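# Observations on the three-dimensional arrangement
Take a look at the letters that make up each chain.
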Amino acid sequence: MSALQHFLKQPLSVSVRSTLRGAGQVMFQQSAWTGILFLAGIFWGAYECHTPAVAWGAVVGLVASTVAGMVINENFEQGIDGLWGFNGVLVGCAFPTFMGNCWQMWVALIFCSMLTTWVRHGFNNVMEPWKVNSLTFPFVFCTWMFLLASRYMFDMDGDELSKPVLALADSCRTLDTGFGALVIYWLKGIAQVFLINSWVTGAIFLVALAVCSRAAALYAALGSALSLAIAIAYGADASNIANGLFGFSPVLTAIAIGSTFYSITWKSAVWAVAAIVATVFIQAGMDGMMLPFGIPTLTGPFCVTTWLFLLPRYQMDKRADPDHSSWVKDIEEEENRQ
Amino acid sequence: MSALQHFLKQPLSVSVRSTLRGAGQVMFQQSAWTGILFLAGIFWGAYECHTPAVAWGAVVGLVASTVAGMVINENFEQGIDGLWGFNGVLVGCAFPTFMGNCWQMWVALIFCSMLTTWVRHGFNNVMEPWKVNSLTFPFVFCTWMFLLASRYMFDMDGDELSKPVLALADSCRTLDTGFGALVIYWLKGIAQVFLINSWVTGAIFLVALAVCSRAAALYAALGSALSLAIAIAYGADASNIANGLFGFSPVLTAIAIGSTFYSITWKSAVWAVAAIVATVFIQAGMDGMMLPFGIPTLTGPFCVTTWLFLLPRYQMDKRADPDHSSWVKDIEEEENRQ
Amino acid sequence: MSALQHFLKQPLSVSVRSTLRGAGQVMFQQSAWTGILFLAGIFWGAYECHTPAVAWGAVVGLVASTVAGMVINENFEQGIDGLWGFNGVLVGCAFPTFMGNCWQMWVALIFCSMLTTWVRHGFNNVMEPWKVNSLTFPFVFCTWMFLLASRYMFDMDGDELSKPVLALADSCRTLDTGFGALVIYWLKGIAQVFLINSWVTGAIFLVALAVCSRAAALYAALGSALSLAIAIAYGADASNIANGLFGFSPVLTAIAIGSTFYSITWKSAVWAVAAIVATVFIQAGMDGMMLPFGIPTLTGPFCVTTWLFLLPRYQMDKRADPDHSSWVKDIEEEENRQ
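In this report, we go over the structure that sits alongside the text. (Residues numbered from 1 in each chain as written. Chains lettered and ligands numbered in written order. Predicted model: local features only at pLDDT ≥ 70, side-chain atom pairs only at ≥ 80, totals over all residues. Heavy atoms only, no water.)

### Some points on the overall build of chain A
Rules: Runs of E in the DSSP output that reach at least two residues are strands. Runs of H or I that reach at least four are helices, and both are numbered from the N terminus. Each radius of gyration is computed over the set of C-alpha atoms, and the globule rule expresses the reference value as 2.2 Å times the number of residues to the power 0.38. For each residue, the accessible area found with a 1.4 Å probe, counting protein chains only, is set against the maximum for its type, and the residue is called buried under 20%, exposed over 50%, and partly exposed in between. Note on contacts: a residue pair is in contact if any heavy atoms of the two residues lie within 4.5 Å. Residue exposure ignores everything except the shown protein chains as possible cover, and the areas themselves are Shrake-Rupley values with a 1.4 Å probe. The charge count includes Lys and Arg as positive and Asp and Glu as negative, but it does not include His or the ends of the chains. The location of each charge is read from NZ of Lys, CZ of Arg, CG of Asp or CD of Glu.
Scanning chain A for helices and strands turns up 16 helices and zero strands. For 338 residues, the compact-globule estimate of 2.2 N^0.38 gives 20 Å, and chain A sits close to it at 19 Å. Principal-axis analysis of the C-alpha atoms gives chain A an extent of 60 × 50 × 35 Å. Per-residue burial over chain A gives 65% buried out of 338 residues. Partitioning the intrachain contacts of chain A with sequence separation of at least 6 by distance along the chain shows that 74% fall at a separation of at least 24. Roughly 11,600 Å² of accessible area belongs to chain A as shown, and the carbon and sulfur atoms make up 65% of that amount. For chain A, the distance from the average position of its 16 positive side-chain charges to the average position of its 21 negative side-chain charges is 5 Å.

Listed below in structure tokens is the structure:
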């Protein structure tokens, strides 16, 4: 078990730093400071919403998935970069948000977080020929399965899930569009990346991004703002808009396309705007698809749209300096390997 | 932006011809004349059904997707062959058929048509290792997303979509099976490739095919007839039969397997018949899958079945003369590239 | 048609043995004796449940898919190993279980069984780059399509399918957990691999496995027992537990991971246990996903989980002796080919 031994040989601070980077990697930032600030935002929002289990779930999921990477001897370099933990921390946020606070949920949370570590490895193997990553899809896929499972496993109750319905009532369209309200929706769009419904958390996340990359913070802000405008123009469901549920996937797409997988140029900026627009419709489409199941899309729309905008492999001056993001390194390593 | 420049250097007629070929390529015919006749059939049917927006949508979608290919500098050869436009023209038929005639729909139609151009490029990259094409799946996938999105975006209303239900009423089974009625169902099956519910359009489409390839016209006729017979033998939903909704996917499968991807032999004819039979059941199966979502299968059953019959890569004397179909050229180029 | 000629040149006993091996290969056993005992178990259970059509369907499906392999000239070696028939025999069990006993069903059964033979070839081509097999997914995919089709084709009535619903009633949780009852659920979990609801059949299947591989029998027993324990601990639907519906997929995963694709070591045993646990949740998740469609998961959860546990390609001393399983040979041959 050499990945575990590797980490045991390092000072404890290395393991801690790598684990914290896992939280940062949710938004593609390989920075322990960003990770700490993300966790701070999660704790603020979870306690504000009286759901402390969400915050502690995030910590448990982050640690479980990182430890899984050590124990099953995943690639050590990826562990140092925090690439084991970002799916686990999201599992940890999602389970207590949608399911009851019982021992069955916690055991499932730990197992599912660990599962994402090798599912990510497998999915990345599948996608390697096309030079794309599995992004947060291991979290999305595994969490969908466990949330759906709660409909058959009554002791892991999914009481906080939406009721499955065939169609949405075309009624609740009253939306406060005052400037202050719009700012709150905009910030909540950013907070919802970690399933947190708090504008303060959104503001903390923006600071956390700026600590590591001002471009990422800017694109996150743009992604949430633009998606808000489109959702309002198309008369989208008011409650989803007000809770930031149209914002979180475009935020991730914007960071991915605008400042992670391509270098920052005017061309990639236009491409990122097109990707943000596409994400809003794919978000609404996947929301519609989930109606009869009553489960959330999670970050699925972000994954799908980002793949659609990476798969054509257009050349836009790939970022020359790979130090800002290990995701780019991943891709380049894969290219060398072949 | 060299693809755009390439086209600007050519006489205007080249751009017009390439755009029209896009309509022809929906049924695998690289011919501007076939494209013009297809558009004529669409206009006839759309005005006959009092939905002129469908015809104009087809033109807008065709142009938008072709221009997208020029602007984002897709492969020039594929542009000349009309391979940018065939997904867009279908998007243009589908949006006004299922959604309301409002500005939000038209903006979405243009954006979605353009989207299919690079989604096609990405999907083709994905499928390259298996020597298959994405066929019309870029249209299918993107349109599904926007139709589902209309359930959350009330101003882009999807009032013409079916109501989502859990099961079909086993009632409306009364079908007029007189010879005249059967001929109408048979021709409507061909017209529905472009979502047009008119037997005159079906007849025009048969002529349009024969202009470019008599084999394609014959296989289209066979595909619609055979699927009609099976649907009746299995007591399928009468309204779907009468509107030609069991016919359009088998028509496309028949042309694809019988006269496009294999040379025309007795062996490939048997294979095409098996593929037509499979398409009917996969059509009914996907119809059943769509019940709780209330969206149409579009040409999804054609795509799925054609992949199933191409993926085993059986050798049946591959068509030696690639001039009749650029799809075959595509595949051969890919083979050479590897 | 050389595969057919090959078989015609052999003594009849070769064709019979290869066909029977097809039944054995459902649980990865390349043994005609195991196949005979599986069929014996199916006949016992089908007659016990007063559904003899299920047993005869199994025979018809097995023969139809094997003959299809001969006629379309599939790889002769795979035919000898029984790899054409295992999807067909499952189609033959599933169709009369869920659909009415009419001529349309029998024609569809034969066509669908044959279909699985080349769909398997195609799916294996797709999965070849990742060194995984399509497992029983050709059966799962094709059967899903035909079962869903029965919702639109009223003469092929799917009266035995569940009613599509949006959510399960949280009522029927009364489960007899006496020792005798638990043993019955445990054995039914093994019998349900072939969709048979009889504990006697489960016992016969265990014997049939032991004839060819004691390890496979042991893992089957473990898979059903462990999944039963988890389902009870999580308060899963009582009727599903009592009918063995949480057991059959983990049984297959356990044999696949524990004794087929890896050599039998402590490491692979731990891995198999993790895979069994994952299968239970993915089974419940896919059950939840199927609620609005009212169709069964079939062995889908086994396929999905086994892929998730094979795709990372961890090295655990691959089985050196390939004689016990042609599946391993398949994989090794594919490796050599590349």
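Alright, that's what it looks like, and here's the rest.
### Digging into the relation of the copies chain A and chain C
The test is simple: In this comparison the copies share one frame, found by least squares on the C-alpha atoms of residues holding pLDDT of at least 70 in both.
Once turned by 120° and shifted 0.0 Å along the axis, chain A lies on chain C with an RMSD of 0.0 Å. In symmetry terms, the pair is related by a three-fold rotation axis. Looking at the rotation axis and the C-alpha trace of chain A, the residue lying nearest is Pro292 of chain A, at 3.8 Å. Of the interface residues in chain A, just 12% have counterparts in chain C that sit at the interface too, so the contact is made through distinct surfaces.

### Re the environment of Arg21 of chain B
Residue and element names in this part refer to chain B. Definition in use: For this analysis, a polar contact is any N or O atom pair within 3.5 Å, provided that within protein one partner can donate a hydrogen and the other can accept it, and provided that sequence-adjacent residues contribute only side-chain to side-chain pairs.
Mapped onto the elements, Arg21 comes out in helix α2 (residues 12-24). Taking C-alpha positions, Arg21 is 26 Å from Thr279, a pair spaced 258 residues apart along the chain. Setting aside its immediate chain neighbours within four residues, Arg21 contacts Gln29, Gln30, Ser31, Ala32, Ile80, Asp81 and Gly82. A distance of 2.8 Å separates a polar atom in the side chain of Arg21 from the backbone oxygen of Ile80.

### Concerning the relation of the copies chain C and chain B
Mapping chain C onto chain B calls for a screw motion: a turn of 120° about the axis and a shift of 0.0 Å along it, with 0.0 Å RMSD after fitting. Interface overlap between copies: only 12% of the residues of chain C at the interface are likewise at the interface in chain B, consistent with a contact formed by different surfaces.

### Describing the nonpolar core
Just so we agree on the cut-off: Residues belong to one nonpolar core when they are buried, are Ala, Val, Leu, Ile, Met, Phe, Trp, Tyr or Cys, and are joined through side-chain atoms within 4.5 Å.
Counting 348 residues, the largest nonpolar core has Phe194 of chain A, Met27 and Phe194 of chain B together with Phe194 of chain C as its most contacted members. With residues up to four places along the chain from it excluded, the contact list for Phe194 of chain A reads Ala23, Val26, Met27, Phe38, Ile42, Val89, Leu90, Cys93 and Phe205 of chain A.

### Here's the deal with the interface of chain A and chain C
Here is the rule we go by: A 1.4 Å probe defines the accessible area here, and the buried area is the portion of it lost by two parts on being joined, summed over both. By salt bridge we mean one thing: a side-chain nitrogen of Lys or Arg within 4 Å of a carboxyl oxygen of Asp or Glu.
Of the residues lining the interface, 33 residues belong to chain A; the matching set on chain C comes to 35 residues. In total, chain A and chain C occlude about 3,000 Å² of area from one another, counting both sides; carbon and sulfur atoms represent 77% of this. Where chain A packs against chain C, one counts zero salt bridges. Where chain A touches chain C, the interface holds ten residue pairs in polar contact (both at pLDDT 80 or more).

### Structural notes on helix α6 (residues 85-98) of chain C
Filter applied, for reference: Any helix carries an expected span of 1.5 Å times its number of residues minus one.
The end-to-end C-alpha distance of α6 of chain C is 21 Å, a good match for the 20 Å that 14 residues give at a rise of 1.5 Å each. Across the 14 residues of α6 of chain C, 13 count as buried, placing the element largely inside the fold.

### Focus on the packing of aromatic side chains
Put simply, the rule reads: Planes of paired rings set the category: under 30 degrees apart is stacked, over 60 is edge-to-face and the rest tilted, where pairs are Phe, Tyr or Trp rings (Trp by its six-membered ring) whose centres lie within 6.5 Å.
Applying the stated criterion across every chain yields a total of 75 aromatic pairs over all chains. Between Phe123 of chain A and Phe141 of chain A, the ring centres sit 5.9 Å apart and the planes meet at 70°, which makes this aromatic pair edge-to-face. Within this pair, whereas Phe123 of chain A is found in helix α7 (residues 103-127), its partner Phe141 of chain A is found in helix α8 (residues 137-149), the two being separated by 18 residues in sequence. The burial state of Phe123 of chain A is the same as that of Phe141 of chain A; both residues are buried. With centroids separated by 6.0 Å and ring planes inclined at 65°, the aromatic side chains of Trp130 of chain A and Trp130 of chain C adopt a geometry described as edge-to-face. With Trp130 of chain A in the loop between α7 and α8 and Trp130 of chain C in the loop between α7 (103-127) and α8 (137-149), this residue pair bridges two chains. A residue is classified by how much of its surface remains accessible, and Trp130 of chain A, at 8% relative accessible area, is buried.

### Here's the deal with the side chain of Thr19 of chain A
Residues and elements named next belong to chain A. Structurally, the position occupied by Thr19 is in helix α2 (residues 12-24). With relative accessibility at 16%, the residue Thr19 sits in the buried group. Engagement of the side chain of Thr19 in a polar contact is seen with the backbone oxygen of Ser15, the distance being 2.7 Å.

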